[in-house]
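Now for the letters of each chain:
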Amino acid sequence: MATIQGNDKDALADKEQLAAVRIAVDEVDDQIVTLIARRERLIRIAGTLKGDDAEVRAPGRVERIIEHVRSAAEKKDIDPDIVESTYRAMISGFIELELKVHKENS
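Just so you know, these numbers come straight off a predicted model, no measurement behind them.

Q: Hey, could you go over a nonpolar patch on the surface for me, with residue numbers and the actual values?
A: The grouping of Leu18, Val21 and Val25 at the surface amounts to a nonpolar patch, some 230 Å² of accessible area in total. Looking at where leucine 18 falls in the secondary structure, it is placed in helix 1 (residues 6-49).

Q: Before we move on, can you summarise the side chain of glutamate 98 with the specific residues and values?
A: Its location among the elements puts glutamate 98 in helix 4 (residues 80-104). Note on glutamate 98: relative accessible area 4%, which makes it buried. In contact with glutamate 98, other than residues within four places in its own chain, are Ile43, Ala46, Gly47, Lys50 and Val56.

Q: Describe the nonpolar core, and please don't skip the residues or the numbers.
A: The tendency in soluble globular proteins is for nonpolar side chains to be buried as a group. By size, the foremost hydrophobic cluster in this structure holds ten residues: Val56, Val62, Ile65, Ile66, Val69, Ala73, Val83, Ile91, Ile95 and Leu99. Listing elements by their share of this core, those giving two or more residues are helix 3 (59-75) and helix 4. Here the element with the most residues in this core is helix 3; it accounts for five residues. Sequence-distant contacts of valine 56, that is, excluding residues within four places in its chain, are made with Lys50, Ile95, Glu98, Leu99 and His102. Judged by nonpolar contacts, the second largest core, of five residues, contains Ile43, Phe94, Leu97 and Val101.

Q: Mind laying out helix 3, listing which residues take part and the relevant values?
A: Residue pairs spaced three or four apart in an α-helix point in one direction, given the helix's 3.6 residues per turn. With 17 residues, helix 3 extends 24 Å from end C-alpha to end C-alpha; this agrees with the ideal 24 Å at 1.5 Å per step. Taken as a whole, helix 3 has its buried residues at Val62, Ile65, Ile66, Val69 and Ala73. Taken down its axis, helix 3 places every buried residue within 100 degrees of arc, on the same side. The exposed set on the far side of helix 3, more than 90 degrees from its buried face, consists of Arg64, Glu67, His68 and Lys75. Positive phi appears at aspartate 77, one or two residues downstream of helix 3, with a value of about 60 degrees.

Cut-offs used in this document
Residues numbered from 1 in each chain as written. Predicted model: local features only at pLDDT ≥ 70, side-chain atom pairs only at ≥ 80, totals over all residues. Heavy atoms only, no water. Patch = residues over 30% accessible without salt bridge, like charges linked within 9 Å, V, L, I, M, F, W, Y side chains within 5 Å. Areas by Shrake-Rupley, 256 points an atom, 1.4 Å probe, with all protein chains shown as cover. Salt bridge = Lys/Arg side-chain N within 4 Å of Asp/Glu carboxyl O. Helix = DSSP H or I, 4+ residues; strand = E, 2+ residues; numbered from the N terminus. Buried < 20%, exposed > 50% of the residue type's maximum accessible area, 1.4 Å probe, protein only. Contact = heavy atoms within 4.5 Å. Core = buried A, V, L, I, M, F, W, Y, C linked by side-chain atoms within 4.5 Å. Expected span 1.5 Å × (residues − 1). Arc of directions from axis to C-beta.

Everything listed here is a matter of coordinates, which is why it stays silent on function.
Okay, here's the thing in structure tokens:
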């Protein structure tokens, strides 16, 4: 029976650690999706309350959100550029959804 020695032990430990990290990432992804679903419900409501497309697009509001999340990222010592790019992509998608909802309710 072969035994695990030296580098083989390290490789096995690395694989086990990677598997555990992947499970944790999947759990975080589930939490993020739950929060995105909540955000979507709120955006759908907002889309029915706004007066026009300009109010939906609200570039000033977008920039305030970006400033807020960058600041929050810095306080948590995570990369604010990753947070900003993630939020810009998410906001862009939600603006499209909100424009659609707004149009349907106008």
